[in-house]
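Secondary and tertiary structure notes
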Amino acid sequence: MKVLANVNLCQGHARCEDLCPQVFGTDAVEGKVVIIQPEFPDEMEAQVRLAVRNCPEGALRIFSN
Amino acid sequence: MELRFQPSPPDHVPPELMVDFDFFKVPPGVADPSEIWTSLIRKGVPKIFYTPHNGGHWVFTEYADITDGFRNYSIFSNHQTPVPPIEPYPVMQPQGVDPPAHKVFRSLLAPMFTPIAVREMTQEIQRRAIKLIDAIADKGECDFVEDFADVFPTSMFLYLFGMPESRLGDFRQLSQTFFRSTDPDVRAKNITDIYAELDALFRERQQNPGSDLASAIVTARNEAGEQHDWQDILNAGFLLFVAGLDTVTNTITLVWRYLAANPEARQFFVDNFDDPVAFQNGTEELLRINSVANIFRRVAEDCEYQGVKLRRNDRIVLSGVLANRDPKVFVDPETIDLDREVNVHTAFGVGPHRCVGSHLAKREIIVALQEWLRRIPVFQLDPNKSQGNVLTGSTMGFSTLNLSWER
């Protein structure tokens, strides 16, 4: 599975990084999301979904390969 | 003086949308600032309504409309928004400017408040929190507002601006007058004094730049390679002074008031000292339920929104309390669930004006919780002292919070 971010919607709340730092980080310039590991293993699905659902801007989407 | 941003008389407001509501007044019997807002919902008001108080303004009551108010700057401008209306009002940089011009100062400040930047500040945040807590831990009692909640963010402001801790008293005086005084002459002099301090500071940093925020702002260059307009530099300093003080003071006051009365919540945080995700989730929940800010917007052009006619310069009040207790978004919203699974609260706003200092504010609160609970794990509302008054307005909180504990 794969997770993608719409950086135009991202406002740098960093909730994704707080909840799932293995997959999401933030940059040093604007503090916006950087996806470290877009293709994540199945066993991480619950944690990634939780991060996605906690984005206050709805900027993250999960896609099935 | 030309009054360009004054609202018109509310001829366009249908009687069924008119509600008698004054959020600058604390109704009798209200013990918690959030009740000012939640009592409205219990009364059953229209989801968008107008009140003639405080110069007249709309109130959005649902999460979807409140977040639209935050985000949709082409309808809901952040320029010249004060409630009640005051003109001229200082254009705080970048908060009082709409995109795309907003980007100039936002881009300048953003790198200094990213999660990466805030992680670098953690040790200093800890040092300052510990110093304050150690000074009161042995006393067995304190006025939490006076002895901690008010001092801590002011101390952090001095750190960010590279000023010595010896200036703490001066800056506390300035901020207390700014947030508490209702005397127009005192307020006018206070704003002049704050700007004079900022002017002196920026001039000094222009000569001797350091690694602090003031130096970064004064040495930054615009697209033409020149220093930013001096007034904008001062206004950015002013924003950083006022935005990070009262908000943090009142949030932590409300959080400590809750913890004083709820031993199981204190235990939750003590049990999760070594689990940063759980500790932060608990903090996010306390931020959701203790949203202290009432945020203002101004209608940019005559328009119809959700079937309601809005007129240019109408003011909109966006309440964090109402957004964050909307049952359409939050499961069982009145329950404080420190393990809440989905928590898209708006304590720091959403959209392009999302509080630039939110990660610093959260770190301040988390560090304060950790260091306080390590030293004072059990405390209560002091039964021998009266508690303070509910404060309301653009920021809500309490005037005093008397706590006691076993020495």
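Residues numbered from 1 in each chain as written. Chains lettered and ligands numbered in written order. Predicted model: local features only at pLDDT ≥ 70, side-chain atom pairs only at ≥ 80, totals over all residues. Heavy atoms only, no water.

Here's the deal with the side chain of Asp143 of chain B
Residue and element names in this part refer to chain B. Mapped onto the elements, Asp143 comes out in strand β4 (residues 141-143). Of the side chains with opposite charge, Arg172 comes closest to the buried, unpaired Asp143, at an N-O distance of 8.0 Å. Within polar-contact distance, the side chain of Asp143 engages the backbone nitrogen of Val145 at 3.1 Å. A distance of 3.0 Å separates a polar atom in the side chain of Asp143 from the backbone nitrogen of Leu401. Setting aside its immediate chain neighbours within four residues, Asp143 contacts Phe148, Thr400, Leu401 and Asn402. (Helix = DSSP H or I, 4+ residues; strand = E, 2+ residues; numbered from the N terminus. Buried < 20%, exposed > 50% of the residue type's maximum accessible area, 1.4 Å probe, protein only. Lys, Arg positive; Asp, Glu negative; His and termini not counted. Salt bridge = Lys/Arg side-chain N within 4 Å of Asp/Glu carboxyl O. Polar contact = N/O pair within 3.5 Å; in protein donor to acceptor, adjacent residues only side chain to side chain. Contact = heavy atoms within 4.5 Å.)

Here we look at the confidence of the model for chain B
Of all residues in chain B, 100% have pLDDT values of 70 or greater, and the mean over the chain is 95. Across the whole predicted complex the pTM is 0.96, and at the interface the ipTM reaches 0.97. (pLDDT = per-residue confidence, 0-100.)

Some words on the layout of surface pockets
Residue and element names in this part refer to chain B. Volume-wise, the second largest pocket comes out at about 580 Å³. Secondary-structure elements contributing two or more residues to the lining of the second largest pocket are α1 (35-43), α11 (246-261) and α14 (320-323). Element by element, the count of residues in the lining of the second largest pocket is highest for α1, at four residues. Of the residues contributing to the lining of the second largest pocket, the split by class is 14 nonpolar, six polar and 10 charged. (1 Å grid on protein atoms, 1.4 Å probe; cavity = no way out; pocket = protein on both sides within 12 Å on 5 of 7 lines; lining within 4 Å. Points joined across faces, edges and corners; volume = space filled by probe spheres on them. Nonpolar A, V, L, I, M, F, W, Y, C, P; charged D, E, K, R; others polar.)

So, the pairing of strand β4 (residues 60-63) of chain A
All names here are of chain A. Only one face of β4 is buried: it carries Leu60 and Ile62, and the other face, with Arg61 and Phe63, is open. Across four bridges, the pairing between strand β1 (residues 2-5) and β4 is antiparallel. Bridged to Leu4 within β4 is Arg61. (Pairing = 2+ DSSP bridges.)

Some details on the packing of helix α8 (residues 184-207) of chain B against helix α10 (residues 230-243) of chain B
Residues and elements named next belong to chain B. Orientation of α8 relative to α10, taken along the N-to-C sense of each, is 115°, at an axis distance of 10 Å. By crossing handedness, the relation of α8 to α10 is classed as right-handed. Here α8 contributes Ile194, Tyr195, Leu198, Asp199, Phe202, Arg203 and Gln206 to the contact with α10, which in turn contributes Trp230, Gln231, Ile233, Leu234, Asn235, Gly237, Phe238 and Phe241. Along the lines of polarity and charge, the residues of the contact of α8 with α10 split into nine nonpolar, four polar and two charged. (Axes fitted to C-alpha atoms, helices over the stretch in contact; angles between N-to-C directions. Left-handed = near helix turned anticlockwise from the far one by under 90°.)

Structural notes on the environment of Gln6 of chain B
Here Gln6 of chain B is to be found in the segment before α1. Among all residues touching Gln6 of chain B, those that are not within four sequence positions of it are Pro85, Glu87 and Asn313 of chain B.

Considerations on the packing of helix α6 (residues 151-160) of chain B against helix α15 (residues 358-375) of chain B
Residues and elements named next belong to chain B. Where α6 contacts α15, the axes come no closer than 12 Å and their chain directions differ by 130°. Taken together, the axes of α6 and α15 are oblique relative to one another. When the axes of α6 and α15 are compared, the crossing they make is right-handed. Along its contact with α6, which presents Phe152, Pro153, Met156 and Leu160, the element α15 presents Leu360, Glu364 and Ala368. A class-by-class count of the residues in the contact of α6 with α15 yields six nonpolar, no polar and one charged. (Parallel < 35°, antiparallel > 145°, perpendicular 65-115°, else oblique.)

Here's the deal with helix α2 (residues 45-53) of chain A
Residue and element names in this part refer to chain A. Of all the residues in α2, the buried ones are Val48, Ala51 and Val52. One side of α2 carries all its buried residues, which in axial view fall inside an arc of 100°. Buried residues along α2 sit in contact with β1, α1 (15-19), β2 (24-26) and β4. (Arc of directions from axis to C-beta.)

A closer look at the interface of chain A and chain B
Residue-level contacts link 20 residues of chain A with 23 residues of chain B. Of the roughly 1800 Å² buried where chain A meets chain B, counting both sides, 46% is carbon and sulfur surface. When the area that chain A buries against chain B is broken down by residue, the three leading residues are Gln11, His13 and Arg15 of chain A, summing to 25%. One can count five salt bridges joining chain A with chain B. One salt bridge connects Arg71 of chain B with Glu57 of chain A, and the closest N-O pair in it is separated by 2.7 Å. Our count for the contact surface shared by chain A and chain B stands at 12 residue pairs in polar contact (both at pLDDT 80 or more). (Buried area = accessible area lost by both parts, 1.4 Å probe.)

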